[in-house]
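Notes for the structure review
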Number of protein chains: 2
Amino acid sequence: MPRTTATTAPTPAAVPRRGRPRDAGRDRALLDATLAVLGESGYAALTTAAVAARAGTSTATLYRRWSSKEDLVIAAATTYSEGLDVDTDTGGVEGDLRALLRDKAAALTGEGGRVLRALIGEATHNTALAEALTAAVLAPVHRRIGGIVRRAVARGEIPPPADTDLLGDVVVGPIVSHFFLTARLPDQVDPATAEATADRLLPFALRALGGQVF
Amino acid sequence: MPRTTATTAPTPAAVPRRGRPRDAGRDRALLDATLAVLGESGYAALTTAAVAARAGTSTATLYRRWSSKEDLVIAAATTYSEGLDVDTDTGGVEGDLRALLRDKAAALTGEGGRVLRALIGEATHNTALAEALTAAVLAPVHRRIGGIVRRAVARGEIPPPADTDLLGDVVVGPIVSHFFLTARLPDQVDPATAEATADRLLPFALRALGGQVF
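Every chain begins its residue count from 1, and numbering advances along the sequence as written. The lettering of chains begins at A and the numbering of ligands begins at 1, in the order of writing. Local features in a predicted model are, by the rule used here, given only for residues with pLDDT of at least 70; side-chain atom pairs are given and counted only at 80 or more, and totals for whole chains, interfaces and linings are based on all residues. Excluding hydrogens and water, the side-chain figures rest on all heavy atoms present in the structure.

- Per an unreviewed UniProt entry, the recorded name for chain A is TetR/AcrR family transcriptional regulator, and the organism is Kitasatospora terrestris.

Points about the packing of aromatic side chains
Residues and elements named next belong to chain A.
- Two aromatic rings from Phe, Tyr or Trp, using only the six-membered ring of Trp, form a pair when their centres are within 6.5 Å; if the ring planes differ by under 30 degrees the pair is stacked, by over 60 it is edge-to-face, and anything between is tilted. Counting across every chain of the model gives 0 aromatic pairs over all chains.
- Counting as a charge over the ring demands two things of the Lys NZ or Arg CZ atom: a distance within 6 Å of the ring centre and an angle within 35 degrees of the ring normal. A cation sits over an aromatic face here: K69 above Y43, 4.6 Å from the ring centre.
- Across from the ring centre of F204, 5.3 Å away, lies the NZ or CZ of R207, which sits over that ring.

Observations concerning the relation of the copies chain A and chain B
- The superposition of copies rests on a least-squares fit of C-alpha positions from residues with pLDDT of 70 or more in both. Screw-axis analysis of chain A against chain B gives a translation of 0.0 Å along the axis, an RMSD of 0.0 Å, and a rotation angle of 180 degrees. In the structure described here, the two chain copies are related by an operation that fits a two-fold rotation axis.
- Both copies contact each other with a shared surface, as 100% of the interface residues of chain A are interface residues in chain B too. Throughout, a residue-residue contact means that at least one pair of heavy atoms, one from each residue, lies within 4.5 Å.

Describing the nonpolar core
- L97(A), L119(A), L97(B) and L119(B) are the most contacted members of the largest nonpolar core, which has 128 residues in total.
- Only DSSP runs of H or I with at least four residues qualify as helices, and only runs of E with at least two residues qualify as strands; both kinds are numbered from the N terminus onward. The leading source of residues in this core is helix α7 (residues 127–154) of chain A, at 12 residues.
- Discounting chain neighbours no more than four positions away, the residues touching L119(B) are L38(B), V73(B), A77(B), L129(B) and L133(B). Here the nonpolar core consists of buried residues drawn from Ala, Val, Leu, Ile, Met, Phe, Trp, Tyr and Cys, with membership extended through side-chain atoms lying within 4.5 Å. A simple rule labels every residue: compare its accessible area, found with a 1.4 Å probe on the protein chains alone, to the largest value its type can have, and call it buried under 20%, exposed over 50%, or partly exposed in between.

Notes on the environment of G92(A)
Residues and elements named next belong to chain A.
- With respect to the helices, strands and loops of the structure, G92 is situated in the loop between α4 (69–81) and α5 (93–108).
- For G92, a relative accessible area of 13% corresponds to the buried category.
- The spatial distance from the C-alpha of G92 to the C-alpha of I148 is 8.7 Å, given a sequence separation of 56 residues.

With respect to the environment of A132(B)
All names here are of chain B.
- Position of A132 among the secondary structure elements: in helix α7 (residues 127–154).
- On the accessibility criterion, A132 (13% relative accessible area) is buried.
- Along the primary structure A132 and V73 are separated by 59 residues, whereas in three dimensions their C-alpha atoms are 9.6 Å apart.

What to know about the interface of chain A and chain B
- In this assembly, 32 residues from chain A lie in contact with 32 residues from chain B.
- In total, about 3100 Å² of surface goes out of reach between chain A and chain B, with carbon and sulfur atoms giving 67% of it.
- Accessible area, probed at 1.4 Å, shrinks when two parts are joined; the buried area is that loss added up over both. When the buried surface of chain A facing chain B is broken down by residue, T124(A), L181(A) and F204(A) rank first, second and third, together holding 20% of it.
- Whenever Lys or Arg places a side-chain nitrogen within 4 Å of a carboxyl oxygen from Asp or Glu, that contact is recorded as a salt bridge. Viewed at the interface, chain B and chain A are joined by 2 salt bridges.
- Pairs of N or O atoms are called polar contacts if they sit within 3.5 Å, as long as, within protein, a hydrogen donor faces a hydrogen acceptor (for residues adjacent in sequence, only side-chain-to-side-chain pairs). Linking chain A to chain B there are 8 residue pairs in polar contact (both at pLDDT 80 or more).
- The set of elements that each furnish at least two residues to the side of chain A that touches chain B consists of α6 (110–123), α7, α8 (167–180) and α9 (191–208) of chain A.
- For the side of chain A that touches chain B, the element with the most residues is α8(A), which contributes 8 residues.

Side note on α6(A)
- Expected helix span is computed as 1.5 Å times (number of residues minus one). In this model, α6(A) (14 residues) spans 20 Å end to end at C-alpha, consistent with the 20 Å of a helix rising 1.5 Å per residue.
- When you tally the buried positions in α6(A), you get 11 out of 14 residues, the bulk of the element.
- Taken as a whole, α6(A) has its buried residues at G112(A), G113(A), V115(A), L116(A), R117(A), A118(A), L119(A), I120(A), G121(A), E122(A) and A123(A).
- In this fold, the buried residues of α6(A) make contact with α1 (24–45), α4, α5, α7 and α8 of chain A together with α6 (110–123) of chain B.

Quick look at the packing of α4(A) against α6(A)
Residues and elements named next belong to chain A.
- Running from N to C, α4 and α6 cross one another at 135 degrees; their axes reach a closest spacing of 12 Å. Taken together, the axes of α4 and α6 are oblique relative to one another. The handedness of the crossing between α4 and α6 comes out as left-handed. Each of V73, A77 and Y80 in α4 lies in contact with α6, whose residues at this interface are G112, G113, L116 and L119.
- For the contact of α4 with α6, the class distribution of residues is 5 nonpolar, 2 polar and no charged. The axes used here are C-alpha line fits, helices contributing only the stretch in contact, and every angle between their N-to-C directions lies in the interval 0 to 180 degrees. Here roughly perpendicular refers to angles of 65 to 115 degrees, roughly parallel to angles under 35, roughly antiparallel to angles over 145, and oblique to all remaining angles. Definitions for this section: a left-handed crossing has its near helix turned counterclockwise from the far helix by less than a right angle. A right-handed crossing has that turn clockwise. Each residue gets one label: Ala, Val, Leu, Ile, Met, Phe, Trp, Tyr, Cys and Pro are nonpolar, Asp, Glu, Lys and Arg are charged, and the others, such as Gly, are polar.

Notes on the packing of α1(A) against helix α2 (residues 48–55) of chain A
Residues and elements named next belong to chain A.
- Relative orientation of the contacting elements α1 and α2 amounts to 125 degrees, with a least axis distance of 8 Å. When the interaxial angle is binned, α1 and α2 end up oblique. Crossing hand, α1 versus α2: right-handed. Here α1 contributes A29, L30, A33, T34, A36, V37 and E40 to the contact with α2, which in turn contributes A50, V51, A52, R54 and A55.
- Grouping the amino acids of the contact of α1 with α2 by side-chain chemistry returns 9 nonpolar, 1 polar and 2 charged.

Some thoughts on the UniProt feature "DNA-binding region" (unreviewed entry) in chain A
- Mapped onto the present numbering, the UniProt feature "DNA-binding region" (unreviewed entry) falls at residues 47–66 of chain A.
- Note that residues 47–66 of chain A is 75% helix and 0% strand, and that its end C-alpha atoms are spaced 13 Å apart. UniProt positions are given in the numbering used here, feature names are shortened, and annotations may be inferred rather than shown by experiment.

Description of the pattern of salt bridges
- Evaluation of the coordinates by the stated rule reveals 28 salt bridges over all chains.
- Residue R144(A) is joined to D103(A) by a salt bridge in which the shortest nitrogen-to-oxygen separation is 2.8 Å. Taken together, the positions of R144(A) in helix α7 and D103(A) in helix α5 put the pair 41 residues apart, joining distant regions of the chain.
- Given the relative accessible area of 30%, D103(A) is considered partly exposed.
- Of the charged contacts in the structure, one is a salt bridge between E94(B) and R98(B), with a shortest N-O distance of 3.3 Å. Residue E94(B) and its partner R98(B) are both found in helix α5 (residues 93–108); the two are separated by 4 residues, about one turn of the helix.

This is the structure:
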C-alpha cells in the first residue's frame, strides 16, 4: 500500500485527524473567504487562488477539503444559508409572515444579497449549484412557510390551502422578484428600505393565503 | 462643422442608408442567432464569432450594427420581448390574470425560457443588461398588470390596491420563482405543465389582489 499520510510514522496519539473537518476554524475561514470573493467578483471570476489568498492559506490546503471550485461554492452557500430560516412562532399568521418576509428582505439585500445574487445567477445554468441552492436555501424557506401555514390553519386564521406545493413560491416569489429582477443592486438597498418593502408585501402575502387584512 | 458621414460626396440618390437598420432581414437573422446561441451556451460563453457564423455573415457585419457583445445581447433581448405582453381584455379579472399567467408560463419555459434564464442569470451582475431587461421585459408586464387592475377596480371586482408599485412583483414573482429558482430546467417543462402551473397560481394571484375566489 502506498503511504498517503506523513513521511515519518508518528505514534497514534500524535496523529492529527485526517479528512475534513480537521480544522474547523480554517474551513470556516475558507468558506467566509469564498463568500467574500463571490460577492465581489461573481462566480465566473472567482478563483480558488483568490479564495486561498484571502483566507491566508494555500490552494493545496483548499483542495484537500474541496475538490473543485464548484464544490467549494456549494459548501459556502450551504454554510451561508444555515440559520437563515429560524421559524418564530409569534402566535399569529400576520406576525409569522412579517418575520419571514423581513428575514428574506435582509438576506436578499446588503452584502449577503450580493452573494445570493451571484449564486442565483450562476445557478440559472449550473444544475449542480441549482440543486445545492434548492436544498440549502429554498427547502428551508418552504419548510418554514409550511409551518406558518399549518399553525394558521390550526388557529382558524386561514382556510386549508388547496395547493401546498406552491406556497413557497407564492410567499417569497414577490420579494425575490422585487430585489433580484431589477437593475437595483442589492447592496444599494439600506436595511430600513428592505424592511419597509417586506412590510408592504405582507398584506398581499396574507391575502394570497386567504387571510384577512385589516 | 466636421463631416461625420461619407468621405466622398455621392449624389443623394446613390447614398445607401447609413447605420442600422439597413437590412432588416440580416439584422433579424443576427438577433435570432444571438438568441439561439444564448440559449445553447449562456451569456459568458457566447461569442460574436459564433453568432455571425450562425447567421451566415461576418463579425465585421455584426460590429457595423452593434458595437459590443453586450449591445448585441441587449438588442436581442429587446426584440425577443416584443409582443410578449399583449394585454387581452377578457371582460373579467380572473380571465385577464389567467391569460397573463399562461403567457408568462409559456415565456419562462421551453426554448424561450432557456434564453430568459441566461439573460436573468447574467443580469444579476451586469447592470446594463439588467436595465435593458427591466425596460424590455419587466416594464411591459408591469404595464399590463396595471391595466388589468385598473379594469378590475372599475368593474368593482377588487378594491383599489394600496401599493400599486408592487403589483408586478406580487402577480409574476411566484411564477418566476417557480420556474427559475429551482434546479428544474425550463426546457424540461412541457407546455401543458406550464399552463397547468399558471392555472394553479391563479387563485393565489386573484386573492392577493383582493378578488374573490370561488
